[in-house]
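So you can see what is in the structure, the chains are spelled out below.
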Amino acid sequence: MNLGIQSRRAAAIFVDLAKRQPAKYNFAPLGEHCIFPNPVNNKIMNQEDSKKEGLRKAALYYHEFPRRGKIEVVATKPCVTQGDLSLAYTPGVAEPCLEIARDPALARRYTAKGNLVAVVSNGTAVLGLGNIGALAGKPVMEGKGILFKRFADIDVFDIEINSEDPDEVIRTVKNISPTFGGINLEDIKAPECFYIEETLKRELDIPVFHDDQHGTAIISGAALLNALELADKEIGGVKLVVSGAGAAGIACANFYITLGVNLENILMVDRKGVLWEGRGDEDSNKYKQKFFRKTAARTLDDALIGADVFCGMSAKGVLTPEMLQQMAARPIIVAMANPDPEISYPDARGARPDAIMATGRSDYPNQVNNVLGFPYIFRGALDVEATTINEEMKMAAAKALASLAKEEVPDSVKRAYDDMSLTFGPDYIIPKPFDYRVLVTTASAVAEAAMLSGVARQQIDIEAYRESLREKVDWSREFMRNIYILAKKAPKRIVFPEADHPKIIWAASEIVQEGYARPVLLAKSKTELLQHFEELRHSAEGIEIIEPQNWPHWDSYVKEYYRLRQRKGVTLSQADYDLRNFLYFGTMMVQQGHADGMVAGVTVNYVDVLRPALQIIGPKKVGKLVAGMYLLQHERKTYVFADAAVNINPDANQLVEITLLAAEEMERMKIEPRIAMLSFSNFGSVRSPETDKVREAVEKVRILRPDLMIDGPVQPDVAFNPDILAESYPFANIKRRPNLLIFPNLDAANISLRLVRHMSSAHSIGPLIVGLAKPIHMLPKGGEVENIINMAAITSVDAQSLEENGR
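Residues numbered from 1 in each chain as written. Predicted model: local features only at pLDDT ≥ 70, side-chain atom pairs only at ≥ 80, totals over all residues. Heavy atoms only, no water.

Right, let's talk about the sheet that holds strand β12 (residues 356–359) for a bit. Strands sit in the order β9-β8-β7-β10-β11-β12 across an open sheet of six strands; the sheet is mixed. Strands at the two margins of the open sheet, each flanked by one partner only, are β9 (273–274) and β12. As paired strands, strand β7 (residues 240–243) and strand β8 (residues 266–270) are joined by four bridges and run parallel to one another. In the sheet register, Val 242 faces β8, and the bridge partner there is Met 268. Along the sheet, helix α9 (residues 211–231) makes contact with β7, β10 (309–312), β11 (332–335) and β12, crossing β11 at roughly 160 degrees. Sheet contacts for helix α10 (residues 247–259): β7, β8 and β10; angle to β8, the most-contacted strand, approximately 175 degrees. (Pairing = 2+ DSSP bridges. Helix = DSSP H or I, 4+ residues; strand = E, 2+ residues; numbered from the N terminus. Contact = heavy atoms within 4.5 Å. Axes fitted to C-alpha atoms, helices over the stretch in contact; angles between N-to-C directions.)

In structure tokens:
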């Protein structure tokens, strides 16, 4: 199933309507909220009403256009020929049917069962809407399906059961359970939800999980663990007040007990007030029963006197600033009422500046969002074929989330939330929902807990599993796997001239931990750089730090650089000056053999790295060129674009060099190059100087490397279409999909690269500079830590190759 999220077009469409039909629509002067049209005869709305009306219209449009609903079923196998049809359906489909009849466990091999979850609801407790019925809850269940797919690549069928009878819900789920690998119960009111989940968990052999209970408990539990650490409070001694005694409130209280909160220190409050012994309804709900206390407290106000923690799953406004004043020092407030918390974030912080606060809202710090839990919990459970989701797995999920919040936040996550200051502290106690690392951390923790607790049918290598999860969220890891393996065999000394940049510090620490290279960092002051490592909480162990001004080879570097450049206008004093630029000094380290390669560019432009590389290192052969190639992945297929960085308008001979250099680099990476020489013409259909140089280059490459699969000039759409090639150009030596694309000039290559990246989900690494006598690779200015690590590994492998070839 592909859960395609419709684009956010509604707001733009309304604005466009207003511009095109100004007489029909007017706008109240409400600043940024004034983007949605109101009929002329309506009264001007206030800001809040206007915002809500705008959201209502946008949401309705989003769900209706361009295709109704939010999900669709997409085939994962081809079905375009009669042969495909005979395999997808009769007669071929009989074979997997017979295999499954023989061994039901094979359903996970031959069907989607192992990656398919049912999101089941009867619509009796939908978000903050209450009992609106099964059908009215369907948009929520479809939305849940989107989240499963978006965050954990899990397929979903939403199932709306039109019954409030818990036994009928149970029967329905049991009868359809063979279809699924897991059951996610959603928006079912208490206390029926407890009975339904307990029964299904007992009678089914697949994971059953009521997210409204356990998802909220796990995420808020992670927040609680970190908040207690920051507040310097022991979990076993805190006094905790729970506001709300429904499914989420009871589940949270139970989970907090599992985490270490003392049951006797919990006071629970419902609509009638504190659950106190003697109230008269102690036996009315067995799930609440254990939370009745011998206490003089009768109201929430009473319960909060001296309390360390408030946990709310009740209603907007039940918590007042005056109540917070009565809580203990450094109180922890987890206010999760939906859609508005029990007290607003500004009011809470205004009353208690020392408070650590979390809410369910994304516009305040520390959002307790269930999407941090259920996709990854099911991912881990499905991948080990767990028979249930037990307490050990829930505990593992909470602790994994709490631990992740203490790690450094990637720049891509910071940018997604427009907050480059994200770091563990009172305003960041749980990871952000769009932090891609949650998948790796939480799913692997859940899978490992399932195996250790004996509920996993499959035992897996947990480290290999973590790596497979990383590949789901970081495309480069799949492509880079061979590079990583090669780099680890003989890690080389790679110099980083921009050592004081936080990304270089982070990357260097990771490179050492992974074993891809031996980083050498250039710094004005080793002491200050080590302090910088400590401030950023990264280890400098295994990293060599050099102060160029104190380098024992400084004088010999100056003399050698002067020798290389003396007939290019460089004097001895200029040589001394130039080498004070760390980019030049780092390049000289490589040239002199004191480093095996260099990676730079995160703070400068490409030319600032390329210029010293050309001046000091130079091409492999005198008079030959260097070129720039990008590695690009699109739809899990890897391509190389060349030359996309250096040569503006290469002639035929230069195209030959570019092609051979790129092909050799791919072979070093253990990738077979399959080359298409691109043009606007197909195999001479149009003759011009531009196409003639491509044709000439193809002929020369064939002479020099007859083993390479290469052809051209060819248009890219033809090169990628085997049917057109077979029908119209059967002579073409493009027998498999090309992966090395050689462009006729820099304009075509660079424009194509940027268009593909912008208009699709393609990702790229580069540019890699090929043709230099020694490996110097450039980073895009402001590049990500992951890219720095990847380039270091590639540089290390290139250095290994030079060493093997006797250079």
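Next comes the rest of the account.
What follows covers the sheet that holds strand β23 (residues 776–778). Neighbouring strands of a sheet are bound in pairs by backbone hydrogen bonds; such pairs are parallel or else antiparallel. Pairing is parallel in the open sheet, where five strands are placed in the order β15-β14-β13-β16-β23. Each edge of the open sheet carries a strand with a single partner, namely β15 (544–546) and β23. Averaged over all pairs of adjacent strands, the angle between strand axes in this sheet comes to 25 degrees, irrespective of strand direction. Pairing of strand β13 (residues 492–496) with strand β16 (residues 597–600), which is carried by two bridges, proceeds in the parallel orientation.

Attention now moves to empty space enclosed by the protein. Empty space among the atoms can be located by rolling a probe the size of a water molecule over them. For the structure shown, the criterion picks out two cavities of 30 Å³ or more. Volume-wise, the largest cavity comes out at about 110 Å³. Forming the walls of the largest cavity are Lys 620, Glu 665, Arg 668, Ile 769, Val 770, Gly 771, Leu 772, Lys 774, Pro 775, His 777, Asp 798 and Leu 802. Looking at the lining of the largest cavity, the elements with two or more residues in it are α26 (652–668), β22 (763–770) and α31 (785–804). In the lining of the largest cavity, the residues fall into five nonpolar, two polar and five charged. (1 Å grid on protein atoms, 1.4 Å probe; cavity = no way out; pocket = protein on both sides within 12 Å on 5 of 7 lines; lining within 4 Å. Points joined across faces, edges and corners; volume = space filled by probe spheres on them. Nonpolar A, V, L, I, M, F, W, Y, C, P; charged D, E, K, R; others polar.)

This paragraph deals with the pairing of β11. Both faces of β11 are covered, namely the face carrying Ile 332 and Val 334 and the face carrying Ile 333 and Ala 335. Examined bridge by bridge, β10 and β11 share four bridges and lie parallel to one another. Of the residues in β11, the one forming a bridge with Val 309 is Ile 332. With four bridges connecting them, β11 and β12 associate as parallel partners. Bridge pairing links Ile 333 to Met 357 in β12. (Buried < 20%, exposed > 50% of the residue type's maximum accessible area, 1.4 Å probe, protein only.)

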